[in-house]
Amino acid sequence: MYKTLVGALILCLGSLGTAAANELESDVGRVTYFKDVVPILQEHCQACHRPNGANLGGMVAPMSFTTYEETRPWARAIARKTAAKEMPPWHASPEQHGEFANERTMTEDEIAVFAKWAQTGVAKGNAADAPEPTMWSTGEGWTIGDPDLIIQMPERHFVDDDVEDEYKYFSHQLTEEQLPEDRWLKAVEFRSGSSVVHHIILDPLGGIAPGSDALVYPEGMGRKLRKGAKLTWQMHYHKEPGSGTGVWDQSSVAVKFYPKDVEVEHPVIGSYLGHLAFRIPAGDPNYSVQVDHTFKSPAKIVAFSPHMHLRGKSAKYEVTYPDGRREVLLEVPKYDFNWQTTYWYDDVKFMPKGSKLTFTSTWDNSEDNPYNPDPTVDVTYGEPTTDEMSFGFMDYIAADDSDA
Ligand code: HEC
């Protein structure tokens, strides 16, 4: 079989001119940038790795992979990071979780292309083999496209030199000019105004923490933004203190609405499973707490978003159905504080009345956790990243039994 193939190939090459044959020969079976690498970069990497790439709550990819010249120096790092499944960033367990719409994973074949490209001399190949370049939205890096409304924090704020963690609240009311009537929200995207923004919660619009995507409601779902609404920005700034480290911040949020004539059928309800009364023993490498919630009426889960701080180790959402059946809905075995992902269901997840949802968060308060600021202290609930949190956020919509 192999011989026949080779024979056919030689025959075929023999009938071409030598120059063309050389070129063809050189690319046969060889991984090249234009032919093999570009399509994968477009699909899995460039959303972040491009000029003006996605700003996920302050997590901005440090380099761009849109040309051969930009990508080549990173070939080995790319092979390493993708083989280790550290890039693209996605922390849910592949075995245990459901199908999420914003999943960022690659096939083994795709990963192998990067490995082979790096090992075989990072060939450039022929530009004509590359697919059309991806046209990214022009909205100056807004991943939601051109916003209908951009709202800024009502004033600039200076985060002083000696600040390590600072919590600031700013309130203001939407003006008539900003929002003349109630509108259904379709998408919300935050933009931090400086590199020291750790997270933003903007009541009632939502929030971001490092690594979180823009919020885009699935078709037919949304939340209402009322005219004249009072907005409260809860800003958390975090940096290394020191002379000259102070910076100004004025963060902003961009919003897209449903068209005016669209009545959104499924208002989204935001909720959480939260634990406030825990004490993580000093040095404990594996300390867990659980909290549960029983649905008193049927619901459909839209999204999950687990939240802990620097000692966070893993997180799990599990359901026990009324008939006793159990199912792990989301498992994040290696929780990474830098990537606070909201896991959006591809298809909403139906919870019959009486389903019990359990959220488990596990911390590593030992010295083996490289992010642990102090393994010698017991840790309790608190806002600074050096204290801890245990929140299993979720978004859901009302359902009825016919939805089962
Ligand atoms: C959701 C946004 C996002 C996507 C998608 C993404 N990256 Fe990244 N990447 C980042 C950010 C942010 C960093 C820097 C922080 C970090 O290392 O976690 C990074 C860092 C890296 C690094 C490490 C550079 C170093 O300093 O060692 C490599 C290599 C890399 N990415 C390759 C890729 C490849 C290849 C893909 C696609 C297969 C990809 N990334 C997809 C956001 C992304």
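Residues numbered from 1 in each chain as written. Predicted model: local features only at pLDDT ≥ 70, side-chain atom pairs only at ≥ 80, totals over all residues. Heavy atoms only, no water.

Participant: Hey, could you run me through the overall build of the chain in this one?
Facilitator: Check the secondary structure of the chain and you find 6 helices and 24 strands. Residues classed as buried in the chain amount to 46% of the 404 residues present. When contacts within the chain are restricted to residue pairs at least 6 apart in sequence, those whose partners lie at least 24 apart make up 81%. (Helix = DSSP H or I, 4+ residues; strand = E, 2+ residues; numbered from the N terminus. Buried < 20%, exposed > 50% of the residue type's maximum accessible area, 1.4 Å probe, protein only. Contact = heavy atoms within 4.5 Å.)

Participant: Looking at this structure, I do not really get unusual backbone geometry. What am I missing?
Facilitator: Glycine aside, residues mostly have negative phi, and peptide bonds are mostly found in the trans state. Cis peptide bonds are those with omega within 30 degrees of zero, and the linkage from methionine 87 to proline 88 qualifies with -10°. Structurally, the position occupied by proline 88 is in the loop between helix H5 (75-83) and helix H6 (108-119). Omega for the bond connecting aspartate 203 with proline 204 falls within 30 degrees of zero, at 5°, which places this linkage in the cis form. Relative to the assigned elements, proline 204 resides in the loop between strand E7 (197-203) and strand E8 (206-208). Residue valine 122 is not a glycine yet carries a positive backbone phi of 40°. Looking at the element boundaries, valine 122 is found in the loop between H6 and strand E3 (149-152). Residue classification places valine 122 among the buried positions, given a relative accessible area of 13%.

Participant: Would you take a moment to explain the sheet that holds strand E19 (residues 312-320) for this structure?
Facilitator: Across a sheet, paired strands are connected by hydrogen bonds in the backbone, their directions being either parallel or antiparallel. If you walk across this open sheet you meet the 4 strands as E17-E22-E19-E20, and the pairing is antiparallel. Each end of this open sheet is capped by a strand with a single partner; those strands are strand E17 (287-294) and strand E20 (326-332). Averaged over all adjacent pairs, the angle separating strand axes in this sheet is 15°, with direction ignored. As defined by bridge partners, E19 adjoins E20 across 6 bridges and the pair is classed as antiparallel. Bridge pairing in E20 links threonine 320 to arginine 326. (Pairing = 2+ DSSP bridges. Axes fitted to C-alpha atoms, helices over the stretch in contact; angles between N-to-C directions.)

Participant: Would you mind going over the coordination of the iron atom of the ligand with me for this structure?
Facilitator: In ideal tetrahedral geometry, four donors around a metal make angles of 109.5 degrees, whereas ideal octahedral geometry with six donors gives angles of 90 or 180 degrees. His49 (NE2) and Met87 (SD) make up the full set of protein donors to the iron atom of the ligand, lying at 2.1 to 2.3 Å. Relative to the metal, the 6 donor atoms surrounding the iron atom of the ligand lie at angles of 86 to 179°, and the coordination shape comes out octahedral. Taken together, the residues span a long stretch of sequence, with histidine 49 in the loop between helix H3 (33-44) and strand E1 (55-56) and methionine 87 in the loop between H5 and H6 at a distance of 38 residues. Methionine 87 sits in the partly exposed class, given a relative accessible area of 29%. (Donors = N, O, S within 2.8 Å, 3.2 Å for Na, K, Ca; no water. Tetrahedral: all angles 85-135°; square planar, octahedral: opposite > 155°, others 65-115°.)

Participant: Help me out: how do you make sense of the pairing of strand E24 (residues 391-398) in this one?
Facilitator: The two faces of the sheet receive side chains in turn, since in a regular strand these alternate between them. Counting buried positions over the 8 residues of E24 gives 6, a clear majority of the element. Both strand E15 (residues 269-274) and E24 contribute to a ladder of 6 bridges, which runs antiparallel. Note that in E24 the partner of glycine 274 across the bridge is phenylalanine 391. Here 8 bridges tie strand E18 (residues 299-307) to E24, and the two strands are oriented antiparallel to one another. Residue serine 305 lies in a different strand from E24, and its bridge partner there is phenylalanine 393.

Participant: Sorry if this is basic, but what is going on with a negative patch on the surface here?
Facilitator: Residues Glu99, Glu103, Asp346 and Asp347 make up a contiguous surface patch of negative charge. Overall, the relative accessible area of 54% leaves aspartate 346 in the exposed class. (Patch = residues over 30% accessible without salt bridge, like charges linked within 9 Å, V, L, I, M, F, W, Y side chains within 5 Å. Areas by Shrake-Rupley, 256 points an atom, 1.4 Å probe, with all protein chains shown as cover. Salt bridge = Lys/Arg side-chain N within 4 Å of Asp/Glu carboxyl O. Lys, Arg positive; Asp, Glu negative; His and termini not counted. Charge placed at Lys NZ, Arg CZ, Asp CG, Glu CD.)

Participant: Is there a simple way to explain the pairing of E7 in this structure?
Facilitator: When you tally the buried positions in E7, you get 5 out of 7 residues, the bulk of the element. Sheet analysis places E7 next to strand E11 (residues 230-238), joined by 6 bridges and oriented antiparallel. Bridge assignment links histidine 199 to a residue of E11, and that residue is histidine 236. When E7 meets E8, the two strands line up antiparallel, connected through 3 bridges. Paired with isoleucine 200 across the two strands is isoleucine 208, which belongs to E8. From the end of E7 to the start of E8, which pair antiparallel, there are 2 residues.

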